[in-house]
Every structure is written in structure tokens, then in C-alpha cells.
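# Residue-level structural notes
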Amino acid sequence: MGRLLAALSLCIWITGTNPLALTKTAGSLTRGKQEPVKLDCKPGPTESLDNAVFWFRQRKDTKTPESILYLSSVSKQKLSDENAFKHFAAKKGAFAYTLDINPFQEKDEGTYYCMINVNSVLSISPGLQLFYPAVTTPKPVTTTPPTTTTKAPNLDNKDPCGCNKSKPDSVPIDLGIQCNIYIWGSLAALCSLLLIALLTTSILLCKRGRPRRCRCKHAPVAERNNKPKPPARY
């Protein structure tokens, strides 16, 4: 009988007649924890709960669903396998058919279906998958040691006094004795040129500002009224 019910459910599942709604209303799927799970199979609004109901499960990587139990219209339950499904229980609620799995174990994973017979017409619900979340192993973290790269010395630009040698900001730059000689020698030469230019300019300005003296001969004295006339000044 179990094979017949499985074949009927498979045929109806292929035809796509799904007026029933199957949902999980209680319980959580946590690997390592055996908790009770409750499923509700709710018919359409115009259908009553006075019909028989079949519960099926399709395991992973299988093609045909297997029968779990049968609940008659008078709420009489019959398990298809007393040992395998002894922790399953079905009943009729106020608004839906319920299936209790207490506790839900790893062997109970699969896709669940419910099916009812209304006026000799079988109706099957969509499949509800009950699987534990996949375990993902984190990738190992590999740490690579830092690589130190040494730059080759630049031989093209030679610096005789070592002024252009790069050093950290916190270390003061030492210019060296040769750099001091070059710098102070250049400053002394510049000061000497400025002093010579200043002296030359001062001499020229002094010569230009000196007054001229006229070395002309005195004019003869003109006598007027037998009195000498003083010479005219120029």
C-alpha cells in the first residue's frame, strides 16, 4: 500500500495540482540540536478538514517519495514503518492538518508533502524542504612574511659631499666639512664683489660732486675818476 500511495503522490506531483499549502510553523533546524518540528497542511478556504490525509517524504538524491503515515477522516493514524517513524505524529487542527516530528534528526532530512482525498480527487501540496544548513569550513589564513627590498646605489648622480643623501625626517642632516667650505667660500666671494662695487660707486659719486674752480686771469684795472675799479668777479 505504501508503494501505491507513493506512486499516486508522484503522479499528482508531476501534474502540478497543488491546492494545499504546506508550511513549517514551529521548530528550528540546527545541526547538533534535536528539536521538535511542526508542519501545517492547510486546504483551500472552501474545503473542510473531514478528509483523510497522507504524509510523504522524499529523501535527498532519490526520485520517489516514501510514505510516512496515513490519518483517516476519524483521526486514526497508521504509520508505514513503526520503527522508522515512531517519532512522527499526525492530527487534525482547527484550520490545518499537522505533522509533529519530535525530535527532528539528521535522518529526517528531506522534502515533505501532504495529500488529501476530496470527493475521490487527490490533491497534493508543494514540497517543503527540511535540511540542515550546509556546513562551510573557513579557509585557512596564510600569512606571508614582509619582503624587504634593497635599492641599488645610484652611481650616475655622484654627490661628492654627500648632501643629497636621503635620511629619515627625524634624523638631522649633516652637511659635512666640504659642503661648509663650498658654501662659506661662495658667500665670501659674493661679499667681496659687493664691497668692491660699493667702493667704486662711492669714488665716482665723490668725483662728480666736487665743485669746479675757474683759473682765469684778472682783467686790467680800469680807472675812473682816478680811482681804481675793483676787478669783476665771475
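Residues numbered from 1 in each chain as written. Predicted model: local features only at pLDDT ≥ 70, side-chain atom pairs only at ≥ 80, totals over all residues. Heavy atoms only, no water.

### Things to note about the state of the cysteines
Summed over the entire model, instances satisfying the criterion amount to 1 disulfide. Each sulfur in the disulfide pair Cys41 and Cys114 lies 1.9 Å from the other. Looking down the S-S bond of the Cys41 and Cys114 bridge, the torsion is 70°, so its handedness is right-handed. Separated by 73 residues along the polypeptide, Cys41 in strand β2 (residues 37-42) and Cys114 in strand β8 (residues 110-118) bring together distant segments of the chain. Grouping residues by exposure puts Cys41 and Cys114 together as buried. (Disulfide = S-S within 2.5 Å. Helix = DSSP H or I, 4+ residues; strand = E, 2+ residues; numbered from the N terminus. Buried < 20%, exposed > 50% of the residue type's maximum accessible area, 1.4 Å probe, protein only.)

### Comments concerning the sheet that holds strand β7 (residues 97-101)
Reading across the sheet, the 4 strands line up as β1-β2-β7-β6 and stay open at both edges, with antiparallel pairing between neighbours. Edge positions in the sheet fall to β1 (21-26) and β6 (88-92), since each has one partner strand and no second. Between one strand axis and the next, the sheet turns by 20° as a mean value, whatever way the strands run. Sheet analysis places β2 next to β7, joined by 5 bridges and oriented antiparallel. Bridging across to β7, Cys41 finds its partner in Tyr97. (Pairing = 2+ DSSP bridges. Axes fitted to C-alpha atoms, helices over the stretch in contact; angles between N-to-C directions.)

### Examining the pairing of strand β4 (residues 66-71)
Across 5 bridges, the pairing between strand β3 (residues 53-58) and β4 is antiparallel. By the bridge assignment, Trp55 is partnered in β4 with Leu69. Pairing between β4 and strand β5 (residues 77-79): 3 bridges, direction antiparallel. Looking at β5, one finds that Leu69 is bridged to Leu79. In this antiparallel pair of consecutive strands, β4 and β5, the connection spans 5 residues, and Ser75 shows a positive phi of 65°.

### A few points about the environment of Lys76
Of note, Lys76 is situated in the loop between β4 and β5. Judged by relative accessible area, Lys76 falls into the exposed class, the value being 62%. Remark: the alpha-carbon pair of Lys76 and Ala52, spanning 24 residues in sequence, is separated by 9.2 Å. Those residues in contact with Lys76 that lie beyond four places of it in its chain are Tyr70 and Leu71. (Contact = heavy atoms within 4.5 Å.)

### Here we look at the confidence of the model for the protein chain
Here the protein chain averages 76 in pLDDT, and 67% of its residues register 70 or above. Counted against residues more than four places away or in other chains, residues 12-16, with its pLDDT under 50, gives 6 contacts. (pLDDT = per-residue confidence, 0-100.)

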